[in-house]
Amino acid sequence: MSRPLDKTCYELSSSGDFMQWHQATVLHQCLSQTAVMLSLKRKWTPRNAFDLCSHCLMCVPRNLQITKEHFALYQQEITPREKVHERCKNICTPKDTFNRTLLHTHDKSRTDLEQVPKIFMKPDFALEDSLTFNAVLPWSHFSTAGGKGNRDAASSKLLQEKLSHYLDIVEVNIAHQISLRSEAFFHAMTSQHELQDYLRKTSQAVKLLREKISKIDKVMCEGSLRVLRLSLTRNNCIKAYNKLKLMATVHQTQPTVQLLLSTSEFVGALDLIATTQEVLQQELQGIHSFRHLGSQLCELEKLIDKMMIAEFSTYARNDLNRPLEDDCQILEEERLVSLVFGLLKQRKLNFYEIYGDEMIITAKNIIKQCVVNTVSQIEEIDTEVVVKLADQMRMMNFPQWFDLLKNIFSKFTIFLKRIKATLNTIRSVVFLVLDKNQKTRDLEDTLQKNSAKDSTVDTEVAYLTHEGMFISDAFSEGDLLPVAADTTSQRNTSPNSEPCSSDSVSEPECTTDSSSSKEQTSSSVTPGGVEMMISDDMKLTDLELVRLANNIQELLYNASDICHDRSVKFLMARAKDGFLEKLNSNEFVALSRLMEGFILDTEQICGRKSMSLRGALQSQANRFVNRFHEERKTKLSLLLDNERWKQAEVPAEFQDLVDSVSDGRISLPEKKTAATEERKPAEFLIVEGQKYATVGTVLLLIRIILEYCQCVDNIPSITTDMLTRLSDLLKYFNSRSCQLVLGAGALQVVGLKTITTKNLALSSRCLQLIVHYIPIIRAHFEARLQPKQFSMLRHFDHITKDYHDHIAEISAKLVAIMDSLFDKLLSKYEVKAPVPSACFRNICKQMAKMHEAIYDLLPEEQTQMLFLRINASYKLHLKRQLAHLNVVNDGGPLNGLVTSDVAFYTGNLQALKGLNNLDLNMAEIWEQKR
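Just so it is clear, the structure is predicted and the values come from calculations on it, not from any experiment. (Residues numbered from 1 in each chain as written. Predicted model: local features only at pLDDT ≥ 70, side-chain atom pairs only at ≥ 80, totals over all residues. Heavy atoms only, no water.)

1. A word on the overall build of the protein
So the rule is basically this: A run of DSSP states H or I qualifies as a helix once it reaches four residues; a run of E qualifies as a strand once it reaches two. Both are numbered from the N-terminal end. We call a residue buried when its accessible area falls under 20% of the maximum for its residue type, exposed when it is over 50%, and partly exposed in between, using a 1.4 Å probe and counting protein chains only. Per-residue accessibility takes into account occlusion by the displayed protein chains alone, with areas from the Shrake-Rupley method and a 1.4 Å probe.
When helices and strands are counted, the protein shows 30 helices and four strands. Scored against the burial criterion, the 930 residues of the protein give a buried share of 40%. Carbon and sulfur atoms make up 55% of the accessible area of the protein, which totals about 53,100 Å².

Shown next, in the form of structure tokens:
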């Protein structure tokens, strides 16, 4: 930058503008000296205020007022330094060569520098800047217009001289600063020579050391390193050889998979595909010849999925459709277990639905085949005329149809047992996988705990050879190669992965199963004795496995429901024409027992109740109960409408029936034997030592009641319905018999002329017989009801009360008959001779008829109680009549006549059979004296 400035000064001097030339000269000198300062070896920075003033004083404005406050911050910073300086000065001896004139010279140079404008001292001083250039070289000094040329020339010269003066000042100060640092300069030069000597000696020592190291390398290290290098080369060759064998094995994957599929080894094929894919992704990644093998294996895996599903469907069809013999052996258990493992491996968790669909189809075919086989054996059914299978079935009679149903139930039982065995095998496979997952998690937890305890890492120094290999690695590989050669693989794989064994020297035959596969297999045995290899790559969660096991168990429940549903449809198809409702009691009981047995068998096999068949049985049972009840109610109604209410003989079978009930069991008599037919009927029915005169209707009613009880024993599900129907039947008998006897309905229905006292007494005794059996019937039903159903037993309490009320009404009716007779006869009674009077003879005659009519029908106790009530009525009417006649107990003639008549009445009444000890208390006929 000084050369253009020199040229500028020359031009200004030649033009005669002295001021401008002077200014340019001074500027040139300032710049030159500034360049000298900047070229010093050590960058100069102001150390204190004096240096700052000496170099930058011209930059401070002249009108600035300096106070002590301006130096406050400086004093704070310099005070600690000054103290250190004072301590050092006290310790170190001052230089004797110190010249105080230097301070004076320094002050003078600083004063000279103050003459230089501060613009030249700015760090960003640059003449390229137009403002800076105009400030240094004003254009007014270079203008020659308007006759001012001489003055402008003088100004230019003055400027040039000023700049030259500034340059001189700067150069002088620079030279002074250099002179002050000359000693340090010469000391540095001397030190440089010494450093060069040291470097030369060091170079010679290094050269000698290198020669010694080279000799040591040739003698001691070159052979060992060559051995290591050859070992590494050998290892690389072995790896390349094993890699080629691995490639050859992988190349044979597809033919091997095809061979496995031909023998239905789906699990092995899937394991081989998974291992090959893993090898392709880890050890053979990037090999061009195998670039399409991964996608081909994926397509092959999808094909295997379809093949396994089709194979499982075929297996389910063959397993369910084989002959239903009395065996529950699993069909090809090894094949089933292999299929299930393969489907689990591929996460085809809905395979059980295929088995469920086959169950439905097979259940339909079982019924159809059973019907066809049965129809073909019945000659009465012409299959050419009756084409439909349902119509052919409806042509069977009950024994034929019952045998068909029994055959269907037996087939379904074997069918369910076979399904249970198969599903148990499938569930056992699922539980094996679940157990394997649990053991794997436990093992991982144990390893993690052990690794946390034994986490000590041995430090190892690695030396880098000239080929970029670590010597420690080379030694490690050389030691481990004869054993497993797994160290490198362990460093390259994740901590959870298994080491690669493809680099092993001791195993030259490398297969895909042993090459960098993460799979481990454990041997497990299914309940059927089939040994399987469970691999670790079945990524199924415990929740998925448990849900699958529950679904398989639910499938067994569905199988039971399917069998019950098909049985219900079979029953409904036969019941369309009312066939089941027409069955008699024995037939329906046999049918009910058969269905109950099948229901219990299925519940025992499947472990859960199926309600469809039970509901159908209950529905048919309700229909049967309705028909059963209506038939017997109708029968009872017809019997009552034809009953003449005369004492009937009791056949021996009814006596036997009553005797069996007395022994504590309620059952209908078996078929009549020859000895029973020879026995003559009895006049009375003996029940627990008591004689019961009864009518034929009541005998049959007892049999009907026992039929209800027997039906409850045979069909427990209809207990509540039977209890309700039996209660209705007993109420009907009570109400209807009341209408016929007490209500005199038998006069119009049967054509009786009158309802006699014998009819009334017989009716009462029949009611008493029924009342005797009501507690027995109640106990029978109570033993067969659930505790929550005991409230229904109140029906028997109500019936008992109604029967007792009816019996009381009959007794009251008998008393009323005699009461009306007494009222009629005693109202005409006159106290006069002869004695006994005609009135009393007539009363005694009627009392004898009454006794004759009821004595053989009613027990002696009831007869006595009845005659006591009649006697009370007699006394009441006699007392009323005596009061009307003003006959009193005064011992007079009238009193004597009455006493004689009463004595005649008492004697005749007590002379009747069973009434001899009757307390008549005839004193009550007289009015008591007040």
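2. Some points on the nonpolar core
Selection criterion: Here, the term nonpolar core denotes a set of buried Ala, Val, Leu, Ile, Met, Phe, Trp, Tyr and Cys residues that are joined through side-chain atoms within 4.5 Å. Any two residues whose heavy atoms approach within 4.5 Å at even a single point are treated as in contact.
W401, M722, F781, F867 and Y874 are the most contacted members of the largest nonpolar core, which has 196 residues in total. Here this core takes 18 residues from helix α15 (residues 398-453), the largest share from any one element. Once you skip the residues sitting within four places of it in the chain, W401 turns out to touch M393, M396, F570, L571, R574, F579, L580 and L591. With 13 residues, the next largest nonpolar core counts V116, L159, L163 and V170 among its residues.

3. Here we look at a nonpolar patch on the surface
The condition that has to hold: Candidates for patches are residues over 30% relative accessible area with no salt bridge; among them, like charges are joined within 9 Å and nonpolar side chains (Val, Leu, Ile, Met, Phe, Trp, Tyr) within 5 Å. Here, a salt bridge means any Lys or Arg side-chain nitrogen found within 4 Å of an Asp or Glu carboxyl oxygen.
Together, F185, F186 and M189 make up a nonpolar patch on the protein surface, roughly 330 Å² of accessible area in all. Within the secondary structure layout, F186 lies in helix α8 (residues 182-251).

4. Quick look at the pattern of salt bridges
In this structure the tally under the stated criterion is 16 salt bridges. One salt bridge connects D197 with R200, and the closest N-O pair in it is separated by 2.7 Å. Linking D197 with R200, this pair stays in helix α8, spanning three residues, or about one helical turn. Residue classification places D197 among the partly exposed positions, given a relative accessible area of 33%. Its relative accessible area of 46% is what places R200 among the partly exposed residues. Where R784 meets D713, a salt bridge forms, and the shortest distance between an N and an O atom there is 2.3 Å. Remark: D713 occurs in helix α23 (residues 696-714) and R784 occurs in the loop between α26 (757-782) and α27 (794-826); sequence separation between them is 71 residues. Connected through salt bridges with shared partners, the residues R627, E631, R632, R703 and E707 form a single ionic network.

5. Topic: the side chain of H629
To keep things clear, this is the line we draw: Any N or O atom pair separated by 3.5 Å or less is treated as a polar contact, with the protein-specific requirement of one donor-capable and one acceptor-capable atom, and with residues adjacent in sequence counted only for side-chain atom pairs.
Counting through the fold element by element, H629 comes out in helix α20 (residues 611-642). Among the polar contacts made by the side chain of H629, one reaches the side chain of D728 at a distance of 2.8 Å. If we ignore the near neighbours within four places in the chain, the residues touching H629 are Y708, R725, D728 and L729.

6. Notes on the packing of aromatic side chains
Defined as follows: Only centres within 6.5 Å qualify two rings of Phe, Tyr or Trp (six-membered ring in Trp) as a pair; their planes then separate them into stacked at under 30 degrees, edge-to-face at over 60, and tilted for everything else.
A full pass over the atoms with the stated rule returns 16 aromatic pairs. With a centroid separation of 5.4 Å and 65° between ring planes, the pair formed by F822 and Y874 is classed as edge-to-face. Within this pair, whereas F822 is found in helix α27, its partner Y874 is found in helix α29 (residues 860-885), the two being separated by 52 residues in sequence. For F822, a relative accessible area of 0% puts it in the buried group.

7. Things to note about a negative patch on the surface
Just so we agree on the cut-off: Charge counting follows a simple rule: Lys and Arg are positive, Asp and Glu are negative, and His as well as the terminal groups are ignored. To locate a charge, the coordinates of NZ of Lys, CZ of Arg, CG of Asp or CD of Glu are taken.
A cluster of like negative charges, contributed by E649, E683, E852 and D856, occupies part of the molecular surface. Of note, D856 is situated in the loop between α28 (838-854) and α29.

8. Some remarks on the packing of helix α11 (residues 293-321) against helix α13 (residues 352-376)
The following threshold applies: To get an axis, fit a line to the C-alpha atoms, keeping to the stretch in contact for a helix; angles then go from 0 to 180 degrees between the N-to-C directions. In this scheme the crossing of two helices becomes right-handed for a clockwise turn of the near helix relative to the far one and left-handed for an anticlockwise turn of less than a right angle. Gly is placed with the polar residues, together with every amino acid not listed as nonpolar (Ala, Val, Leu, Ile, Met, Phe, Trp, Tyr, Cys and Pro) or charged (Asp, Glu, Lys and Arg).
Axis separation between α11 and α13 bottoms out at 9 Å; the angle between their running directions is 30°. Note that α11 runs across α13; the crossing there is right-handed. Taking contact as the criterion, the partners of I309, F312, S313, A316, R317, D319, L320 and N321 in α11 are, on α13, I354, Y355, E358, M359 and T362. The class makeup of the residues in the contact of α11 with α13 is seven nonpolar, three polar and three charged.

9. Points about α28
So the rule is basically this: In a helix, the anticipated span is given by 1.5 Å times the number of residues less one.
The end-to-end C-alpha separation of α28 is 25 Å, in line with the 24 Å expected for 17 residues at 1.5 Å each. Those residues of α28 not exposed but buried are C839, F840, I843, C844, M847, M850, H851, A853 and I854. Buried residues in α28 make contact with α26, α27, α29 and α30 (893-910).

10. Observations concerning the environment of H804
Relative to the helices and strands, H804 is located in helix α27. Taking the relative accessible area as the measure of exposure, H804 reaches 43% and is therefore partly exposed. Separated by 37 residues in sequence, H804 and L767 have C-alpha atoms that sit 8.2 Å apart.

11. Structural notes on the packing of helix α9 (residues 253-262) against α11
When two helices pack together, their arrangement is captured by the angle between the axes and the distance separating the axes. Filter applied, for reference: Orientation is classified from the angle alone, with under 35 degrees giving roughly parallel, over 145 giving roughly antiparallel, 65 to 115 giving roughly perpendicular, and any other angle giving oblique.
One can describe the packing of α9 onto α11 by two numbers: an axis separation of 11 Å at closest approach and a directional angle of 5°. In terms of orientation, α9 and α11 fall into the roughly parallel class. Contacts between α9 and α11 involve T253, Q254, V257, Q258 and L261 from the first element and L293, Q296, L297, L300, I304 and M307 from the second. Of the residues belonging to the contact of α9 with α11, the class tally is seven nonpolar, four polar and no charged.

12. Focus on the confidence of the model for the protein
The test is simple: Looking at any residue, its pLDDT shows the predictor's confidence there, from 0 to 100.
On average, residues of the protein carry a pLDDT of 76, and 77% of them reach 70 or more. Confidence scores differ between elements of the protein, with helix α17 (residues 487-492) showing the lowest mean pLDDT of 37 and α27 the highest of 93. Counting interchain partners and residues more than four positions distant, the pLDDT-below-50 stretch residues 1-62 has 185 contacts. Across residues 456-523 the pLDDT falls below 50, and counting only partners more than four positions away or on other chains, this stretch makes 110 contacts in the model.

13. A few points about the environment of L701
The topology assignment puts L701 in helix α23. Classification of L701 as buried rests on a relative accessible area of 0%. In the structure, L701 is positioned 69 residues away from R632 in sequence and 8.9 Å away in space, judged by C-alpha atoms. In contact with L701, other than residues within four places in its own chain, are L636, L729, F733 and I770.

14. Let's talk about unusual backbone geometry
Here the residue pair A833 and P834 is connected by a cis peptide bond, since its omega of 0° sits within 30 degrees of zero. Topologically, P834 is positioned in the loop between α27 and α28. The omega angle of the peptide bond from V835 to P836 is -5°, so this bond is cis rather than trans. Along the chain, P836 turns up in the loop between α27 and α28. For N921, which is not glycine, the phi torsion reads 50° and is therefore positive. Along the chain, N921 falls in the segment after α30.

15. Here's the deal with α9
Here is the rule: In this description, the arc belongs to the directions extending from the helix axis to the C-beta atoms.
For α9, the set of buried residues is T253, V257 and L261. Along α9, the residues classed as buried sweep out an arc of 70° about the axis, all on the same side. Exposed and facing more than 90 degrees away from the buried side of α9 are L259 and S262. Those residues of α9 hidden inside the fold are in contact with α8, α10 (266-282) and α11.

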